[in-house]
Amino acid sequence: MNTATGFVYHADYLRHNTGYHPESAERLISIMGKLEERGITKKMERVLPTRASQAQIEYVHTDAYVKKVDTICDRGGGMLDPDTPLCNDTCDIALLAAGGVIKAVDEVMDESNALKHIFALVRPPGHHATPNRGMGFCIFNNVAIAAEQLKRKYGAKRILIADWDVHHGNGTQDAFFEDTSVLYFSAHQYPHYPGTGWIGEVGKGKGKGFTVNVPLPAGTDDSGYLYALNNILVPIATEFRPEFVLVSAGFDAHTADPLASMHVTSLGFGL
Ligand SMILES: [Zn+2]
């Protein structure tokens, strides 16, 4: 009998070598270490990722962008943008990251098992990657590709992406800005990198109203986040009635994170 919660992880995620960089293999080593130390991995089912296909990557990204990424990796690595280093293994590992979130979706949708929640512990990250541009440590937009998998393979019509990373997920927003089947919600520090995510960015055309941005001032703490989530996300999500919820669960709003200025506590993330 499967447990109800699973986690996606693969040691190959450590092979995306960014050198001395805030988005490093140490992130996953540290998280896995804590989960193991506290016996949490034993309570969850391990889900092994497989690589996303080129076609699945192109659910979201342009062929020209994918070729550009491949070319940099084939050369042995280089900078995709000033913040985003690639090594020769990055393209392969980025496919495994996107494939990990796809696998999580497939496992949850598989009614023959009891997995209903899966934590995808993958890297490189994705929410800044737009359809035609990688940036902000992100190569392929893992969560957006998984949402497309839900639409294309399972016919999902109402997918909620809740993004509480401290940075606005501009790539995810761009991917679904005119799409009524994906409600993108982001609460983030503003103004801050990448500069987008103002409250007036609400979607376009028929997608108007399906993008919800909650720009929060530097210094927002547990109570501020709880207020925003309870008073904005919960009522909107209740009305939307999502068939599936994807969370871009960045933890960089933590008070100890040096790249931002929020004051969410470890306890606050658990509330
Ligand atoms: Zn972030």
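Predicted model, so just to flag it, every value in this text is computed and none were measured.

**Here's the deal with the sheet that holds strand S6 (residues 159-163)**
- The four strands are arranged S8-S7-S6-S9 in an open sheet whose pairing can be described as parallel. Looking along the sheet, the strands with just one partner apiece sit at the ends: strand S8 (211-216) and strand S9 (244-248). Averaged over all neighbouring strand pairs, the angle between strand axes comes to 10 degrees, with direction disregarded.

**Some thoughts on helix H5 (residues 142-154)**
- Taking 1.5 Å as the rise per residue, H5 with 13 residues should run 18 Å; its terminal C-alpha atoms sit 17 Å apart, in good agreement.
- Buried residues belonging to H5 abut helix H2 (54-57), helix H4 (90-109), S6, helix H6 (170-175), strand S7 (182-189) and S9.

**Considering H4**
- Counted at 1.5 Å a residue, the expected span for H4 with its 20 residues is 28 Å, and the 28 Å between its end C-alpha atoms agrees.
- Most of H4 is tucked away: 16 of the 20 residues are buried.

**Details of the coordination of the zinc ion**
- In this structure, Asp 165 (OD), Asp 165 (OD), His 167 (ND1) and Asp 252 (OD) serve as the protein donors to the zinc ion, at separations of 2.0 to 2.7 Å.
- Each of the four donor atoms bound to the zinc ion contributes to angles spanning 53 to 150 degrees, and the resulting shape is irregular.
- Along the chain, the residues donating to the zinc ion fall in the pattern D-x1-H-x84-D.
- Take Asp 165: its relative accessible area is 11%, and that puts it in the buried class.
- Classification of His 167 by relative accessible area gives buried; the value is 11%.

**A few points about the packing of aromatic side chains**
- This structure, assessed with the given rule, holds five aromatic pairs.
- Ring centres 6.2 Å apart and planes at 90 degrees place the aromatic pair Tyr 65 and Phe 140 in the edge-to-face group. With Tyr 65 in helix H3 (residues 63-74) and Phe 140 in the loop between strand S5 (117-120) and H5, this pair connects stretches of sequence that are 75 residues apart.
- Residue class for Tyr 65 comes out buried when judged on its relative accessible area of 2%.
- A relative accessible area of 2% means that Phe 140 is categorised as buried.

**Concerning the environment of Leu 246**
- Checked against the element boundaries, Leu 246 lands in strand S9.
- Sequence spacing of Leu 246 and Ala 162 is 84 residues, and the spatial spacing of their C-alpha atoms is 6.3 Å.
- Other than its neighbours up to four places away in sequence, Leu 246 contacts Val 105, Val 143, Ala 146, Ala 147, Leu 150, Ile 159, Leu 160, Ile 161 and Ala 162.

**Considering the domain arrangement of the protein chain**
- We note that the domain assignment places domain 1 (1-155) and domain 2 (157-271) within the protein chain.
- Computed from C-alpha atoms alone, the centre-to-centre distance between domain 1 and domain 2 is 20 Å.
- Opposite the 24 residues of domain 1 that make contact, domain 2 presents 23 residues.
- With both sides pooled, the region where domain 1 packs onto domain 2 buries about 1,700 Å², and carbon together with sulfur makes up 70% of that total.
- Contact with domain 2 buries surface across domain 1, with His 127, His 128 and Val 143 losing the most and accounting together for 32% of the total.
- Scanning the region where domain 1 abuts domain 2 turns up one salt bridge.
- In this structure, the connection of domain 1 to domain 2 is made through nine residue pairs in polar contact (both at pLDDT 80 or more).
- Only H4 and H5 provide two or more residues apiece to the side of domain 1 that touches domain 2.
- At seven residues, the largest contribution of residues to the side of domain 1 that touches domain 2 is made by H5.

**A look at the state of the cysteines**
- One pass over the full model with this rule turns up one disulfide.
- Between the sulfur atoms of Cys 73 and its disulfide partner Cys 91 the distance amounts to 2.2 Å. Here the disulfide of Cys 73 and Cys 91 is right-handed, its torsion about the S-S bond being about 90 degrees. Here Cys 73 is found in helix H3, whereas its partner Cys 91 is found in helix H4, with 18 residues between them in sequence. Each of the two residues, Cys 73 as well as Cys 91, counts as buried.
- Looking at Cys 87, it has no disulfide partner, and the nearest cysteine sulfur is the one in Cys 73, 6.9 Å off.

Calculation notes
Residues numbered from 1 in each chain as written. Predicted model: local features only at pLDDT ≥ 70, side-chain atom pairs only at ≥ 80, totals over all residues. Heavy atoms only, no water. Pairing = 2+ DSSP bridges. Helix = DSSP H or I, 4+ residues; strand = E, 2+ residues; numbered from the N terminus. Axes fitted to C-alpha atoms, helices over the stretch in contact; angles between N-to-C directions. Expected span 1.5 Å × (residues − 1). Contact = heavy atoms within 4.5 Å. Buried < 20%, exposed > 50% of the residue type's maximum accessible area, 1.4 Å probe, protein only. Donors = N, O, S within 2.8 Å, 3.2 Å for Na, K, Ca; no water. Tetrahedral: all angles 85-135°; square planar, octahedral: opposite > 155°, others 65-115°. Phe/Tyr/Trp six-rings, centres within 6.5 Å; stacked < 30°, edge-to-face > 60°. Domains from an automatic or database assignment. Buried area = accessible area lost by both parts, 1.4 Å probe. Salt bridge = Lys/Arg side-chain N within 4 Å of Asp/Glu carboxyl O. Polar contact = N/O pair within 3.5 Å; in protein donor to acceptor, adjacent residues only side chain to side chain. Disulfide = S-S within 2.5 Å.

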